Amino acid sequence: MPLALLALAVGAFGIGTTEFVMMGLLPDVADDLHISIPSAGHLVSAYALGVVIGAPLLAAATARMPRRTVLIALMVLFVAGNALSAVAPGEGSLLAARFVSGLPHGAFFGVGAVVATGMVAPERKARSVSLMFLGLTVANIVGVPAATAMGQQLGWRATFLGVSAIGVAAIAALAALIPRDHAPAPTTGLRGELAALRSLPVWLALGTTVAGFGALFSAYSYITPMLTDAAGFAEASVTLLLALFGVGATAGNLLGGRLADHALRGTLFGGLASLVLVLALFPLLMRTEITAALAVALLGMAAFLTGSPLQLMVMEKASAAPSLASSANQAAFNLANAGGAWIGGIALAAGFGATSPATAGAGLAVLGVGVAGAAYAVDRRRAAAASASAPGRARVIAGHVPETVETGEPVRR
């Protein structure tokens, strides 16, 4: 694998850290800015809104730029957003800074996936995407706990300065490790990129992402009350258990990349089926501390088993103009985050019990299997139609090669 993938992973590490660290810093931010915890929670939503808006917008706006230049520019915007977060004087300015921080998120992963797959042989495309995503999953093991501890000891502003430093390191790595000849200016342009979003298979792939990862976030958004109320863990143990989720996600991400290079759709269906099973078993697994810890790791593994296959599938369905569709998939991830948390919250508020968000998530995962099945059926139908409408092929009889086929064009020997 090219060393340039390390540069993409460093950028992904910084993005993953800043995305999730706010959840651990909410009390500190709320106390410092004299706002309520729910108000501070809007800072998480502001980042997600930036991702959803920025992913397609920036990917479309940079469609004709060299992708190496685009990646560096996106990371510059990332550094600026986090630096502004560190010096924000009040709630409003911090909301705006978090929105800016989220803008490059989706486009970075989208364009980065296109660059990563362009640097490897076709049989290693999914693995290259998984290595870029490795930075995101490792951030949940190392980056988020370390950044949270930094914020608690030195103040939350120091955390965002530290994340800005990671962004600067990523810029240097991108400039040094990604060769210019791997990032020619695309010829499709904005119109070609937008045309990719008119494809039904692309929308079905994006729908699978929303349903599948909505299942994850339906449960993961409420993992703390599940661990404390159902499994009986002390709140001090939750941070370590969330690191187990990161370990599982990392393992699932790497495994999914390897398997998808051999059987892309089979890996996707297998990952979604595993997610259905794990979430359906959550009420049972949350009865003891040992099985609950296992459930957290399995949740991360099952969910991220589908990450690389979904990203690669969207890119393949929009092969003529993959950057916008690939970035739109990252927007779909964040829609899944918001939608899954909302559905899990409905189940919890309805009084169905502490583990009810996981049961709701299992239902979303089943929906994901259904959407993936519909995408498979559409592909089969289109392949059959293309085969039926293809021109007749010349037949070789007794070693004789005819001079023409049905099109009338001469056959070249």
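One can find the structure itself at the top, above this paragraph.
Notes on the structure in this doc start here. Just so it is clear, the model here is predicted, and its values are computed rather than measured. (Residues numbered from 1 in each chain as written. Predicted model: local features only at pLDDT ≥ 70, side-chain atom pairs only at ≥ 80, totals over all residues. Heavy atoms only, no water.)

Summing up its helical and strand segments, the chain has 15 helices and zero strands in all. Evaluated residue by residue, the chain yields a buried proportion of 52% over its 413 residues. The long-range fraction of contacts in the chain, counting pairs at least 24 apart against all pairs at least 6 apart in sequence, stands at 83%. Counting only carbon and sulfur atoms, one obtains 67% of the accessible surface of the chain, whose full area is about 17500 Å². (Helix = DSSP H or I, 4+ residues; strand = E, 2+ residues; numbered from the N terminus. Buried < 20%, exposed > 50% of the residue type's maximum accessible area, 1.4 Å probe, protein only. Contact = heavy atoms within 4.5 Å. Areas by Shrake-Rupley, 256 points an atom, 1.4 Å probe, with all protein chains shown as cover.)

We now examine the nonpolar core. Grouped together as the largest cluster of nonpolar side chains are 52 residues, with contacts concentrated most on Leu 216, Phe 282, Met 286 and Leu 299. Of all the secondary structure elements, the ones that give two or more residues to this core are α8 (200–220), α9 (223–230), α10 (238–262), α11 (264–285), α12 (289–304), α13 (307–317), α14 (322–349) and α15 (356–389). Setting aside residues up to four positions removed in sequence, Phe 282 forms contacts with Ile 223, Met 226, Ala 295, Leu 299, Thr 355 and Ala 358. Counting residues in each nonpolar core, the second largest holds 36 residues, with Ala 4, Val 70, Phe 78 and Met 132 among its members. (Core = buried A, V, L, I, M, F, W, Y, C linked by side-chain atoms within 4.5 Å.)

What follows is about the packing of helix α4 (residues 91–118) against α14. Two numbers describe a pair of packed helices, the interaxial angle and the distance between the axes. At a minimum axis distance of 7 Å, the contact between α4 and α14 shows a crossing angle of 135 degrees. The angle between the axes of α4 and α14 places the two elements in the oblique class. Crossing hand, α4 versus α14: right-handed. Taking contact as the criterion, the partners of His 105, Gly 106, Ala 107, Phe 109, Gly 110, Val 111, Ala 113 and Val 114 in α4 are, on α14, Pro 322, Ser 323, Ser 326, Ser 327, Gln 330 and Asn 334. Grouping the constituent residues of the contact of α4 with α14 by class yields six nonpolar, eight polar and no charged. (Axes fitted to C-alpha atoms, helices over the stretch in contact; angles between N-to-C directions. Parallel < 35°, antiparallel > 145°, perpendicular 65-115°, else oblique. Left-handed = near helix turned anticlockwise from the far one by under 90°. Nonpolar A, V, L, I, M, F, W, Y, C, P; charged D, E, K, R; others polar.)

Structurally, the position occupied by Leu 312 is in helix α13. When the C-alpha atoms of Leu 312 and Ala 205 are compared, they prove to be 9.8 Å apart, with 107 residues separating the residues in sequence. Apart from the residues lying within four places of it in its own chain, the contact partners of Leu 312 are Thr 117, Lys 125, Ala 126 and Leu 264.

Summed over the entire model, instances satisfying the criterion amount to four salt bridges. Two residues, Asp 32 and Arg 157, come together in a salt bridge whose shortest N-O distance is 3.7 Å. Note that Asp 32 is positioned in helix α1 (residues 4–33) and Arg 157 in helix α6 (residues 156–177), a separation of 125 residues in sequence. Taking relative accessible area as the criterion, Asp 32 reaches 39% and is therefore assigned partly exposed. Relative accessible area serves as the criterion here: at 26%, Arg 157 is assigned to the partly exposed category. A salt bridge links Asp 379 to Arg 265, with the nearest nitrogen and oxygen atoms 2.4 Å apart. Of this pair, Asp 379 sits in helix α15 while Arg 265 sits in helix α11, placing them 114 residues apart in sequence. A relative accessible area of 19% places Arg 265 in the buried class. In this structure, a network of salt bridges that share partners links the residues Arg 265, Lys 317 and Asp 379. (Salt bridge = Lys/Arg side-chain N within 4 Å of Asp/Glu carboxyl O.)

Contact geometry of α11 with α15 gives a least axis separation of 8 Å together with a crossing angle of 160 degrees. Judged by the angle between their axes, α11 and α15 are roughly antiparallel. Judged by the sense of rotation from one axis to the other, the crossing of α11 with α15 is left-handed. In the contact of α11 with α15, the residues fall into 18 nonpolar, four polar and two charged.

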